[in-house]
Amino acid sequence: MEEVAERSELLLPGPAHALGGLLDVPVPDLDNGEALPLLWHWLYLLERPAQIDLGSDGHPVRGTVPAPPGPGRRRMWAGGRVESRGPLRCGQVATRRTKVLSVREKRGRSGPLTFVVVSHQVMQNGRVVIDEEQDIVYREAVAASSVRTDPTPAADARVPAADDEWEIAVSPTLLFRFSALTYNGHRIHYDRDYARDVEGYPGLVTHGPLQALAMAEAARGRSEGRDQRFEYRLLSPLFDHQGMVVEAVRGPEGTTTAVRDVHGRQTAAGRLHSP
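All values derive from a computational prediction rather than experimental measurement.

So, how was this worked out
- Residues numbered from 1 in each chain as written.
- Predicted model: local features only at pLDDT ≥ 70, side-chain atom pairs only at ≥ 80, totals over all residues.
- Heavy atoms only, no water.
- Helix = DSSP H or I, 4+ residues; strand = E, 2+ residues; numbered from the N terminus.
- Contact = heavy atoms within 4.5 Å.
- Phe/Tyr/Trp six-rings, centres within 6.5 Å; stacked < 30°, edge-to-face > 60°.
- Buried < 20%, exposed > 50% of the residue type's maximum accessible area, 1.4 Å probe, protein only.
- Core = buried A, V, L, I, M, F, W, Y, C linked by side-chain atoms within 4.5 Å.
- Pairing = 2+ DSSP bridges.
- Patch = residues over 30% accessible without salt bridge, like charges linked within 9 Å, V, L, I, M, F, W, Y side chains within 5 Å.
- Areas by Shrake-Rupley, 256 points an atom, 1.4 Å probe, with all protein chains shown as cover.
- Salt bridge = Lys/Arg side-chain N within 4 Å of Asp/Glu carboxyl O.
- Arc of directions from axis to C-beta.

Help me get a handle on the environment of Gly58, residues and values and all.
With respect to the helices and strands, the residue Gly58 is situated in the loop between α1 (14–23) and β2 (74–84). Linking Gly58 and Val170, residues 112 residues apart in sequence, is a C-alpha distance of 21 Å. When neighbours within four sequence positions are excluded, Gly58 is seen to be in contact with Gly185, His186 and Arg187.

Outline the packing of aromatic side chains, listing residues and values.
In the structure shown here, the tally under the stated rule is four aromatic pairs. Between Trp42 and Trp77, the aromatic rings sit 5.4 Å apart at their centres with planes inclined by 65°, giving edge-to-face as the arrangement. In this pair, Trp42 is assigned in the loop between α1 and β2 and Trp77 in strand β2, connecting sequence segments 35 residues apart. According to the relative accessible area criterion, Trp77 is partly exposed, its value standing at 21%. Summarising the aromatic geometry, the rings of Tyr201 and Phe239 are spaced 5.7 Å apart at their centres and angled 45° between planes, so their arrangement reads as tilted. On the criterion of sequence distance, the pair formed by Tyr201 in the loop between α3 (192–197) and α4 (208–223) and Phe239 in the loop between β7 (229–234) and β8 (244–251) is long-range, its members being 38 residues apart. Take Tyr201: its relative accessible area is 10%, and that puts it in the buried class. For Phe239, a relative accessible area of 1% corresponds to the buried category. Taken together, the ring pairs in this structure connect Trp42, Trp77, Phe230 and Tyr232 into an aromatic cluster.

Run through the nonpolar core, naming residues and quoting values.
Grouped burial of nonpolar side chains is what soluble globular proteins tend to show. Leu19, Leu36, Leu39 and Phe230 are the most contacted members of the largest nonpolar core, which totals 47 residues. In terms of residue count, the dominant contributor to this core is α4 (eight residues). Once residues within four sequence positions are removed from consideration, Leu39 is found in contact with Val82, Ala212, Leu213, Ala216 and Phe230. Ile188, Tyr194, Tyr201 and Phe239 belong to the second largest nonpolar core, which has six residues in total.

Please give an account of the pairing of strand β10 (residues 266–273) that cites residues and values.
Extensive coverage of β10 is indicated by the burial of six of its eight residues. Of the pairings in the sheet, the one linking β7 to β10 comprises six bridges and is antiparallel in character. The partner of Tyr232 across the bridge, within β10, is Gly270. The pairing of strand β9 (residues 254–260) with β10 spans six bridges and is antiparallel. Residue pairing for β10: Ala258 is matched across the bridge by Ala269.

Provide a residue-level description of a nonpolar patch on the surface, including the pertinent values.
A cluster of nonpolar side chains, Leu10, Leu12 and Val93, forms an exposed patch at the surface whose accessible area comes to about 270 Å². Turning to its location among the elements, Val93 is positioned in strand β3 (residues 93–108).

Mind laying out the pairing of β9, listing which residues take part and the relevant values?
Taking burial as the measure, the seven residues of β9 include six buried ones, the bulk of the element. Direction of pairing for β8 relative to β9: antiparallel, over a ladder of seven bridges. Paired with Arg250 across the strands is Thr255, a residue of β9. The loop that links β8 with its antiparallel partner β9 comprises two residues. Here β9 folds back onto β10, and the loop between the two strands holds five residues, one of which, Gly264, carries a positive phi near 100°.

I'd like to hear about helix α2 (residues 172–181), residue by residue, with values.
Inspection of α2 places Leu174, Leu175, Phe178, Ser179 and Leu181 among the buried residues, and these make up the whole buried set. Down the axis of α2, the buried side of the element spans an arc of 165°, and every buried residue falls inside it. Facing away from the buried side of α2 by more than 90 degrees, the exposed set consists of Thr173 and Phe176. Once α2 finishes, Tyr183 follows within two positions and takes phi at roughly 50°, a positive value.

Please provide a residue-by-residue account of α1, values included.
Along α1, the residues classified as buried are Ala16, Leu19, Gly20, Leu22 and Leu23. Within α1, the buried residues cover an arc of 165° as seen down the axis, which keeps them to one side.

Could you give me a rundown of the pattern of salt bridges, with the residues and numbers involved?
Counting across every chain of the model gives 19 salt bridges. Here Arg265 and Asp261 are joined by a salt bridge, their closest N and O atoms 3.3 Å apart. With respect to class, Arg265 is no different from Asp261; both count as buried. Connected through salt bridges with shared partners, the residues Glu83, Arg85, Asp131, Arg229 and Glu231 form a single ionic network.

Structure, rendered in structure tokens:
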């Protein structure tokens, strides 16, 4: 029998206003019934595991869906697909149902990999308003010294943001506040010593969901509210010292989005279009 996790809560406008302040983006008139923008449901219906249920990396190891496939595995968010089927509004109760759709085992250069597709459906007023699939990858823990990351180019190799790009100043404070807003305990986003000495990263890791949200927000400003399905992939780690530059280009088949660092290296891609 498949395991389904269900959580309900009254959606309040506070988290949405917090995200608006964090990214300096407009917040809809939530008090008068305007819907939350696409992906803003990530601020709500969150798992809040007990401290005793967290692993050494800050992720829950029990009582969660999906459950880690084994002890000590590293968890990475690889991408996903989100479809809006109706407005998600504050001031009303919403319910999220979560289940695992598929699990695949593969072998990569660093050892065994487990690919998990997770389904989240958010319901309000008796109907599904958000239908989402997330792609999660688990890999074996390896020594920090063996982790290969992209080198940082020289300072003179910076690529200035164009007029149609959105540059977001990434700082430890920004990453910590986004972790707090989404109740994300993964230490690679706020614990520099852990990120460097245990997981082998050269800096704090910019959240995959933060990059996806930034792309969706850039597209929101160009899509005129017509598009309702967002597909995105996280291509490469992005670290705090590398900044974040976002673009969204409207085309005949939707809006294409991308994230790059300040040196021009692309780290995420997405597309917003009609379902």
